[in-house]
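# Notes for the structure review
For reference, the chains in residue letters:
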Amino acid sequence: MIHLKNISVHFKQKNREVHAVKNVSLEVESGDIYGIVGYSGAGKSTLVRIINLLQHPTDKSSEVIVDGKNLLSLSQKELRKERKKIGMIFQHFNLMASRTIADNVAFPLRNSGLSKAEKEEKVEKLLDLVGILDKKNSYPIQLSGGQKQRVAIARALANDPKILLCDEATSALDPKTTLSILELLKEVNQKLGITIVIITHEMQVVKEICNKVAVMENGNIIESGNVVDIFNQPKQALTRDFIRTATHIEQAEKKILSHTKEQVYELKFSGRHTADPIIVEIYKRFGIVADILYGNIEFLQETMIGTLFVTLEGKVELNELEAYLAEQDVTITKINKKT
Ligand SMILES: Nc1ncnc2c1ncn2[C@@H]1O[C@H](COP(=O)(O)OP(=O)(O)O)[C@@H](O)[C@H]1O
Ligand SMILES: [Mg+2]
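Residues numbered from 1 in each chain as written. Chains lettered and ligands numbered in written order. Predicted model: local features only at pLDDT ≥ 70, side-chain atom pairs only at ≥ 80, totals over all residues. Heavy atoms only, no water.

Looking at the chain, the domain boundaries give domain 1 (2–244) and domain 2 (247–335). Computed over C-alpha atoms only, the centres of domain 1 and domain 2 are separated by 38 Å. With 12 residues of domain 1 at the interface, the matching set in domain 2 holds 17 residues. Summed over both partners, the interface of domain 1 with domain 2 comes to about 1,200 Å²; 44% of that surface belongs to carbon and sulfur atoms. Contact with domain 2 buries area across many residues of domain 1, yet Lys 207, Val 228 and Arg 244 alone supply 54% of it, more than any other trio. One can count 3 salt bridges joining domain 1 with domain 2. When the shortest N-O distance is used, the salt bridge between Arg 244 and Glu 266 registers 3.2 Å. Between domain 1 and domain 2 we count 10 residue pairs in polar contact (both at pLDDT 80 or more) in total. Contributing elements (two or more residues each) for the side of domain 1 that touches domain 2: helix H7 (203–209), helix H8 (227–232) and helix H9 (237–246). The dominant element in the side of domain 1 that touches domain 2, judged by the number of residues it contributes, is H8, at 4 residues. (Domains from an automatic or database assignment. Contact = heavy atoms within 4.5 Å. Buried area = accessible area lost by both parts, 1.4 Å probe. Salt bridge = Lys/Arg side-chain N within 4 Å of Asp/Glu carboxyl O. Polar contact = N/O pair within 3.5 Å; in protein donor to acceptor, adjacent residues only side chain to side chain. Helix = DSSP H or I, 4+ residues; strand = E, 2+ residues; numbered from the N terminus.)

What follows deals with the packing of aromatic side chains. The geometry of an aromatic ring pair is captured by two quantities: the separation of the ring centres and the angle between the planes. A full pass over the atoms with the stated rule returns 3 aromatic pairs. Geometrically, the ring pair formed by Tyr 294 and Phe 309 is tilted, given 5.6 Å between the ring centres and 35° between the ring planes. Note that Tyr 294 is positioned in strand S12 (residues 289–300) and Phe 309 in strand S13 (residues 303–313), a separation of 15 residues in sequence. Each member of the pair Tyr 294 and Phe 309 is classed as buried. (Phe/Tyr/Trp six-rings, centres within 6.5 Å; stacked < 30°, edge-to-face > 60°. Buried < 20%, exposed > 50% of the residue type's maximum accessible area, 1.4 Å probe, protein only.)

And the structure:
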């Protein structure tokens with residue numbers, strides 16, 4: 001659905017040059033909810049603005065293919081038509097303060113050729129879809145942040161896009177409102193079959209709704225793949241950091257390490273496994289008593305990922321234990337105090 005090839009973006013300013021995106025390639029399939037996660041300044045917004053050519057790549061070898069069309073080869077008129085297939089929402093909603101909610105949503109339909117009545121019907125349908133039909137005659141200032149983002153989503157869907165780009169769409173919202181907006185985006189993806197690209201600095205958002213994720217650092221995509229695989233086996237330190245923060249494991253680890261003098265081990269398991277049999281088997285086979293200090297289970301697209309922090313009592317031959325656990329698809333890692 002979206003194929004970005006060798007995308008580079010240089011910004012030239014008076015006395016410095018910023019290489020915001022460095023030869024990045026990205027493939028988003030139809031139906032994906034694709035997360036792009038990274039800290040501020042990583043290049044996420046610049047990369048996503050390439051998808052609708054709000055930002056042009058600065059390297060000649062770049063290719064931007066969206067829904068089968070090479071956007072860089074189109075005329076202005078053709079590009080305008082293709083852009084209608086791509087909706088976008090932002091952190092600060094970008095609504096027009098002087099217009100009603102209904103007029104905000106109707107705005108993208110001004111050149112659509114629809115009659116006044118047809119436009120009205122469409123706007124009502126969209127406002128109903130996002131759950132704020134009762135606000136249609138209100139003004140943005142009368143709405144909460146979550147409600148404003150619902151309006152922005154309705155507006156972004158007005159031209160029946162195939163793709164929705166979300167740039168930090170929940171970053172200005174409280175956690176509960178964030179979840180409700182993410183639910184709505186999931187519904188938009190499933191009911192309307194719209195492919196979604198979500199930029200965020202919070203792995204929590206990725207965990208809630210994405211099936212794929214790319215991690216960006218310093219203009220590069222350093223790791224990408226299925227969310228379940230990445231959460232199971234992150235390869236890069238930055239990815240690990242994001243995941244441990246999102247799953248609250250980092251906080252738990254800090255607390256545990258400050259309260260125990262014994263060696264702590266982390267066990268990670270996924271899929272069909274549950275904690276109990278592992279603990280029982282470790283005792284039966286090795287005579288080791290595992291004392292559970294902390295446990296956490298995440299569900300990612302119905303797949304379970306479990307984490308246990310334990311201390312081990314008995315004669316621990318780590319290599320043997322590790323080998324046995326590996327057969328069960330369980331990893332064991334020594335947790336050391338960070339200095
Ligand atoms: N229009 C611009 N002109 C100059 N520098 C820019 C521009 N847009 C972004 N940058 C720079 O490019 C880098 C990446 O920015 P951005 O894509 O906004 O990152 P992110 O969305 O991950 O926070 C930053 O160093 C930023 O300052
Ligand atoms: Mg940004």
